Amino acid sequence: MREHKIKWAALAFLFALTVGAGAGVETAHAAVYTTLSTTKLAKTAYHKKSTAGAIYNKAHNRKLATMKGYPNTTWYVTQKATLKHGNSKGIYYYVSNKSGAVKGWIWHGYLTKGKAPFGLKYAKNAIAMDYTTGKAVWSKKANTARPIASVSKLMTLYLVLQKVGSGSGSWSDVVDTSSKGLIAMGQSYSCGGFLFKSGHKYTVQDLYYAALLDSSNNAVIALGKWVAGSNAKFIKQMNAQAKSWNLGKANFVSASGLENSDLKAFGYAYGSANANMVSAKDVALIARHLIQDYPRILTDGAIGSKSVDGQTTYNYNNLLAGRKYYQASLNVDGLKTGYTPLAGYCFVGTGQKTGKHRVITVVLHDINEFTETRSLMNKAYSYSSMNA
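Calculation rules
- Residues numbered from 1 in each chain as written.
- Predicted model: local features only at pLDDT ≥ 70, side-chain atom pairs only at ≥ 80, totals over all residues.
- Heavy atoms only, no water.
- Pairing = 2+ DSSP bridges.
- Helix = DSSP H or I, 4+ residues; strand = E, 2+ residues; numbered from the N terminus.
- Core = buried A, V, L, I, M, F, W, Y, C linked by side-chain atoms within 4.5 Å.
- Buried < 20%, exposed > 50% of the residue type's maximum accessible area, 1.4 Å probe, protein only.
- Contact = heavy atoms within 4.5 Å.
- Salt bridge = Lys/Arg side-chain N within 4 Å of Asp/Glu carboxyl O.
- UniProt positions renumbered as here; feature names shortened; annotations may be inferred.
- Polar contact = N/O pair within 3.5 Å; in protein donor to acceptor, adjacent residues only side chain to side chain.
- Domains from an automatic or database assignment.
- pLDDT = per-residue confidence, 0-100.
- 1 Å grid on protein atoms, 1.4 Å probe; cavity = no way out; pocket = protein on both sides within 12 Å on 5 of 7 lines; lining within 4 Å.
- Points joined across faces, edges and corners; volume = space filled by probe spheres on them.
- Nonpolar A, V, L, I, M, F, W, Y, C, P; charged D, E, K, R; others polar.

## Here we look at the pairing of strand β16 (residues 305–308)
Logical step 1: Here four bridges tie β16 to strand β17 (residues 311–314), and the two strands are oriented antiparallel to one another. Each residue of the ladder has a partner; that of Ser305, found in β17, is Tyr314.
Logical step 2: Taking the residues between adjacent antiparallel strands as the criterion, β16 and β17 are bridged by two residues, where Asp309 takes a positive phi near 50 degrees.

Dropping the structure here:
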């Protein structure tokens, strides 16, 4: 739940920093450059040669952008100029990104011809997996374990669905929600998500939707206790399931994805590590098992909002139909958002483009989780191996 509320504060802080820095425009202190000649060129694609270099206005008294700040951008060159600075002369290109939002002059040696290779600017770890084959079609540090916040709930929900599917539990079972810690967690602005009213009865189905759609932490912990009998036993079950799938980069200490530094106040800290540590690849494999064994997760994951026992649970997947980053051709129908300050913004997405295999994407610690997921899905579909 906390991922949905904290993001606005984080974005406001970043906006304030940007405004305070003159919206990214920096005054250069070097002597002014003079123009000796300028020639028009046929529009040609280039990209950064390294992280070195910056884009300036022609006089070079204002820095407009750095190559380091645009690692995956294709720059389009339309002019060439010879500029003089002191006793030296150099060839400079006039460049613009695709949208035209950033443009200016840069020394030609900082660029190399051709479109920029695909990459994600913000995600620290990412993967696009072919659901049909289970193989990665694109990845970025996908085997490095890191905190994954509420994306952890995919494992918890798998085990809930497993218990219901086996017949050892049912959707109508009443879950024990009397724990003072879980009641307090539900009342917490940053750690809750679903109010447990004293003396009220909540079913497995109620808490399943609260956990999946609204990312309720107290609901998912209560479900874990329902599955295994206690929080500690359930976390052991999570790790046992990961081991049975040969997930070598997955270790769980929390059913919800909250870190122990937060859970301690509610009496639900477990183990010596502070956070669940899972790689992007192993997260994608958990999602694949979940979809394979319990495909209803796609129908449920595509629900935009749902009233659960008088409370509105809202799905914050902004790639769904009608949401800000929706792209119709991607047919996104899941799956799970996540955020803690330690883990950053995390998102597991899935969808199936017509004539293609289903794709599963994971981005971890990504401030632009939805735009980068959309880009990653489109990149995945550019590979012929994804053709159905």
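Next, the rest of the story.
## Comments concerning the nonpolar core
Logical step 1: Judged by nonpolar contacts, the single largest core of 70 residues is most densely connected at Leu207, Phe252, Ile297 and Val348.
Logical step 2: With residues near it in sequence (within four places) discarded, Phe252 still touches Ser152, Met155, Ile235, Met238, Asn239, Ala242, Asn276, Val278 and Ile286.
Logical step 3: Ranked by size, the runner-up nonpolar core spans 19 residues in total, among them Leu320, Leu330, Val359 and Met386.

## A short note on the pattern of salt bridges
Logical step 1: Under the defined criterion, the tally for this structure stands at two salt bridges.
Logical step 2: Taking the shortest distance from any N to any O, the salt bridge between Asp300 and Arg296 comes out at 2.7 Å. Here Arg296 and Asp300 lie together in helix α9 (residues 296–301), a separation of four residues that amounts to about one turn.
Logical step 3: For Asp300, a relative accessible area of 4% puts it in the buried group.
Logical step 4: The class of Arg296 is partly exposed, set by a relative accessible area of 31%.

## Some thoughts on the UniProt feature "binding site: substrate" (unreviewed entry) in the protein chain
Logical step 1: UniProt records the feature "binding site: substrate" (unreviewed entry) for Lys336 in the present numbering.
Logical step 2: By secondary structure assignment, the location of Lys336 is in strand β18 (residues 332–340).
Logical step 3: A residue is classified by how much of its surface remains accessible, and Lys336, at 2% relative accessible area, is buried.
Logical step 4: A polar atom in the side chain of Lys336 sits 2.9 Å from the side chain of Ser215.

## Concerning the domain arrangement of the protein chain
For an interface, size is often stated in terms of accessible area lost upon the parts coming together.
Logical step 1: Domain parsing of the protein chain yields domain 1 (34–113) and domain 2 (125–386).
Logical step 2: Computed over C-alpha atoms only, the centres of domain 1 and domain 2 are separated by 44 Å.

## Quick notes on the sheet that holds strand β11 (residues 146–147)
Logical step 1: Spatial ordering of the open sheet is given by β11-β15-β14, a layout of three strands whose pairing is antiparallel. Two strands close off the open sheet at either side, each with one partner strand: β11 and β14 (250–251).
Logical step 2: The sheet contact formed by β14 and strand β15 (residues 277–278) spans two bridges and is antiparallel. Following the sheet pairing, Ala250 is matched in β15 by Val278.

## Here we look at the confidence of the model for the protein chain
Reading predicted coordinates in detail is not appropriate for stretches of low pLDDT.
Logical step 1: Looking at the protein chain as a whole, its pLDDT mean stands at 92, while 92% of the residues score no less than 70.
Logical step 2: pLDDT under 50 marks residues 8–24. Its contacts with residues more than four places away, or in other chains, come to seven contacts.

## Focus on the side chain of Asn276
Logical step 1: Residue placement: Asn276 occurs in the loop between α7 (260–263) and β15.
Logical step 2: Relative accessible area serves as the criterion here: at 2%, Asn276 is assigned to the buried category.
Logical step 3: Side-chain polar atoms of Asn276 contact the backbone nitrogen of Ser254, separated by 2.9 Å.
Logical step 4: Other than its neighbours up to four places away in sequence, Asn276 contacts Arg146, Pro147, Ile148, Ser152, Asn251, Phe252, Val253, Ser254 and Gly257.

## Quick notes on the layout of surface pockets
Logical step 1: As a volume, the largest pocket reaches approximately 590 Å³.
Logical step 2: Asn72, Phe118, Gly119, Leu120 and Ser375 are, among the 20 residues lining the largest pocket, the residues nearest its centre.
Logical step 3: Of the residues assigned to the lining of the largest pocket, the class counts are seven nonpolar, nine polar and four charged.

## So, unusual backbone geometry
Logical step 1: Gly334 connects to Leu335 through a cis peptide bond whose omega is 25 degrees.
Logical step 2: Counting through the fold element by element, Leu335 comes out in strand β18.
Logical step 3: At His365, a residue that is not glycine, the phi angle is positive and equals roughly 50 degrees.
Logical step 4: Position of His365 relative to the elements: it lies in the loop between β20 (359–364) and α10 (369–380).

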